[in-house]
Amino acid sequence: MNIALIILAAGKGTRMQSELPKVLHKVAGAPMLIHAMRAGRALEPKRTIIVAGHGFEAVSATARAEDPEVEIVRQETQLGTGHAVDQARAALDDFDGTVIVLYGDCPLIQPRTLEELTATLSTAAVSVLGFEAENPARYGRLITDGDRLKRIVEFKDATPAERAVRLCNSGVMAASAELLFDLLSEIDANNASGELYLTDVIGKAVGRGLSCTAIRCAERETLGVNSRVELMQAEKEFQTLRRAEALEDGISMPAPETVHFSYDTVIGRDAIIEQNVVFGPGVTVESGAQIRAFSHLEGAHVARGCVVGPYARLRPGAELAEDVKIGNFVEIKASTLDEGAKVNHLSYIGDAHIGARANIGAGTITCNYDGVMKHRTSIGEAAFIGSNTMLVAPITVGQDAMTASGSVITRDVPAGDLAIARSKQDNKAGFSVKLMNKLRALKAAKQN
Ligand code: UD1
Ligand code: MG
């Protein structure tokens, strides 16, 4: 099937009380618009048109970053959802196929549901996605007669009997491009809002003797976000769904309700994700790796056999090869750690390459920033970095080399060498006892 998506994203979202356009508010780390685009992409559309208006530049930039092929049309003034879809008319002039309309503020819609909806077009001229609402509130009502959809009536325009209908309009609609734009040219703004309603195309189609249909999906899928409270509900729903999916996929989570996923988190089978782990965008955890409690990961890749945390932080560009160990209060940024490397306690590793089986002692810091520029640190295979070593970058420590604890390393360490960069120790015989006695005597004299 030849599919074009039209995603409506021009509305202001007044009730969000925000400078940010509504569709750019995030759920699971991604703007709601991206969620809609991703759900639609599962249908392999030939064309994707975003209707933007409020915050046009920001909305366009976000959409293009996700999909450079996306086409953006401008809706100068927001005259209603029908008017919004109509803005894509010129762009789709040469398009012959099915149009699916999605809303940019509806982030939980599932690809499978969209597939079911398009399948109904084999028998219906226009198909609409509906849901049985717990509390239908201000949603548009689907007026049906058996399997047939007769019309959609907006809450403001509905009679008390129509308002009692619980089958509601999600806003998702599918029809052939030719028919949809043809029907749209017939609608008017003769309604309670004075807007051009997309929903009116159903009545127009039925008036022509065409058959329309509605399929039903779970209410949570169609949650349309209009306020911060609804944004929070969408986040909660997303997390609930994603956790259930992760468990089904064979991931162990002793307390799934405390794990926070991103829209794009990828986790392999038999991975263990402990309590209170947070995944920012761009994380892959391979099979069997273990992420221990209270760790925060973002833009990181964790290979098989790794153990991360508890209390670890992996920042963008952290690349952990197999069997790497990252311990408590360790931060890794833009660094590659080869197989079996260990950074077990209280360290900062940034802009570095750590060779296989190297051991980084507690409290080690790559001093990567000189206040203006960032510099790289390279640690060779099986090197041993003593506790509390400061590695002043740019710096290279060779294979099998060692640094003594407490060293400030400012020159490269050749392979196999030991670098000691700290002042020599001097033991004063009996001096501790002598000094303490003197201080105690001084204190006693003061008190008398
Ligand atoms: C719409 C539906 C309603 C449905 C509900 C589901 C209509 C007339 N009503 O109502 O039947 O139950 O969604 O959530 O379609 N937008 C534009 N340009 C406009 C107007 C809207 O791009 O001129 C976009 C908005 O940014 C938003 C979407 O269309 O992404 C829906 O608009 P909104 O104003 O939220 O419609 P509802 O009143 O919720
Ligand atoms: Mg809405």
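No experiment lies behind these values; they were computed from the predicted model shown.

S.K.: What exactly am I supposed to notice about unusual backbone geometry here?
M.R.: Excluding glycine, most residues fall at negative phi; most peptide bonds, likewise, are trans. Omega for the peptide link from G309 to P310 comes to 5 degrees, which places this bond in the cis form. With an omega of 5 degrees, the peptide bond running from A393 to P394 counts as cis. Even without a glycine there, the phi angle at Q17 is positive, about 55 degrees. One can find Q17 in the loop between β1 (3–9) and β2 (26–27). Taking the relative accessible area as the measure of exposure, Q17 reaches 68% and is therefore exposed. In this structure, R357 is a non-glycine residue whose phi angle is positive, near 60 degrees. Take R357: it is sitting in the loop between β27 (352–354) and β28 (359–360).

S.K.: Can you walk me through the domain arrangement of the chain in this structure?
M.R.: Frequently, the measure chosen for interface size is the accessible area that the parts lose on association. Split by domain assignment, the chain resolves into domain 1 (3–222) and domain 2 (228–419). Placing a centre on the C-alpha atoms of domain 1 and another on those of domain 2 gives a separation of 42 Å. Contacts between the two partners involve 18 residues from domain 1, matched on the other side by 14 residues from domain 2. Summed over both sides, the interface of domain 1 with domain 2 buries roughly 1,300 Å², with 63% coming from carbon and sulfur. Area buried by domain 1 at its contact with domain 2 is led by A28, L108 and R220, which between them contribute 38% of it. For the interface between domain 1 and domain 2, the tally reads zero salt bridges. Run the count over domain 1 and domain 2 and you get five residue pairs in polar contact (both at pLDDT 80 or more). Of all elements in the fold, only β2 and α1 (32–41) reach the threshold of two or more residues within the side of domain 1 that touches domain 2. Broken down by element, the residue count for the side of domain 1 that touches domain 2 peaks at four residues, all from α1.

S.K.: Whenever I open this one, helix α9 (residues 431–447) confuses me. Can you help?
M.R.: For an α-helix, 3.6 residues make a turn, and residues three or four places apart therefore share a direction. Compared with the 24 Å implied by 1.5 Å per residue over 17 residues, the 25 Å span of α9 between its first and last C-alpha is a close match. Counted residue by residue, α9 has zero buried out of 17 residues, so it is predominantly exposed.

S.K.: Would you mind showing me how to read the sheet that holds strand β13 (residues 272–273) here?
M.R.: Read from one edge of the open sheet, nine strands run β13-β16-β19-β22-β25-β28-β31-β34-β36, paired in parallel fashion. For this open sheet the edge positions go to β13 and β36 (418–419), each flanked by a neighbour on one side alone. Here β28 pairs with strand β31 (residues 384–385) via two bridges, running parallel. Paired with I360 across the bridge in β31 is I385.

S.K.: What exactly am I supposed to notice about the site of ligand 1 here?
M.R.: Taken together, the neighbourhood of ligand 1 is formed by 21 residues, with G11, Q75, T81, E154 and N169 sitting nearest. Its free accessible area being 760 Å², ligand 1 has 83% of it covered by the protein chains. For ligand 1, the cavity whose grid points lie within 2 Å of the majority of its atoms is the largest pocket. At the level of elements, β1, α3 (81–86) and β10 (167–176) are the ones that each hand at least two residues to the shell around ligand 1.

S.K.: Where do I start with the packing of helix α6 (residues 177–184) against helix α7 (residues 200–207) in this structure?
M.R.: Packed helices, taken two at a time, are described by the angle between their axes plus the distance between the axes. α7 packs onto α6 with a crossing angle of 100 degrees between their chain directions and a minimal axis gap of 9 Å. When the interaxial angle is binned, α6 and α7 end up roughly perpendicular. On α7, the residues that touch L180, L183 and L184 of α6 are V201, K204 and A205. Here the residues of the contact of α6 with α7 are counted per class, giving five nonpolar, no polar and one charged.

Scoring rules and cut-offs
Residues numbered from 1 in each chain as written. Chains lettered and ligands numbered in written order. Predicted model: local features only at pLDDT ≥ 70, side-chain atom pairs only at ≥ 80, totals over all residues. Heavy atoms only, no water. Helix = DSSP H or I, 4+ residues; strand = E, 2+ residues; numbered from the N terminus. Buried < 20%, exposed > 50% of the residue type's maximum accessible area, 1.4 Å probe, protein only. Domains from an automatic or database assignment. Contact = heavy atoms within 4.5 Å. Buried area = accessible area lost by both parts, 1.4 Å probe. Salt bridge = Lys/Arg side-chain N within 4 Å of Asp/Glu carboxyl O. Polar contact = N/O pair within 3.5 Å; in protein donor to acceptor, adjacent residues only side chain to side chain. Expected span 1.5 Å × (residues − 1). Pairing = 2+ DSSP bridges. Near = heavy atom within 4 Å. Areas by Shrake-Rupley, 256 points an atom, 1.4 Å probe, with all protein chains shown as cover. 1 Å grid on protein atoms, 1.4 Å probe; cavity = no way out; pocket = protein on both sides within 12 Å on 5 of 7 lines; lining within 4 Å. Sits in = over half its atoms within 2 Å of the grid points. Axes fitted to C-alpha atoms, helices over the stretch in contact; angles between N-to-C directions. Parallel < 35°, antiparallel > 145°, perpendicular 65-115°, else oblique. Nonpolar A, V, L, I, M, F, W, Y, C, P; charged D, E, K, R; others polar.

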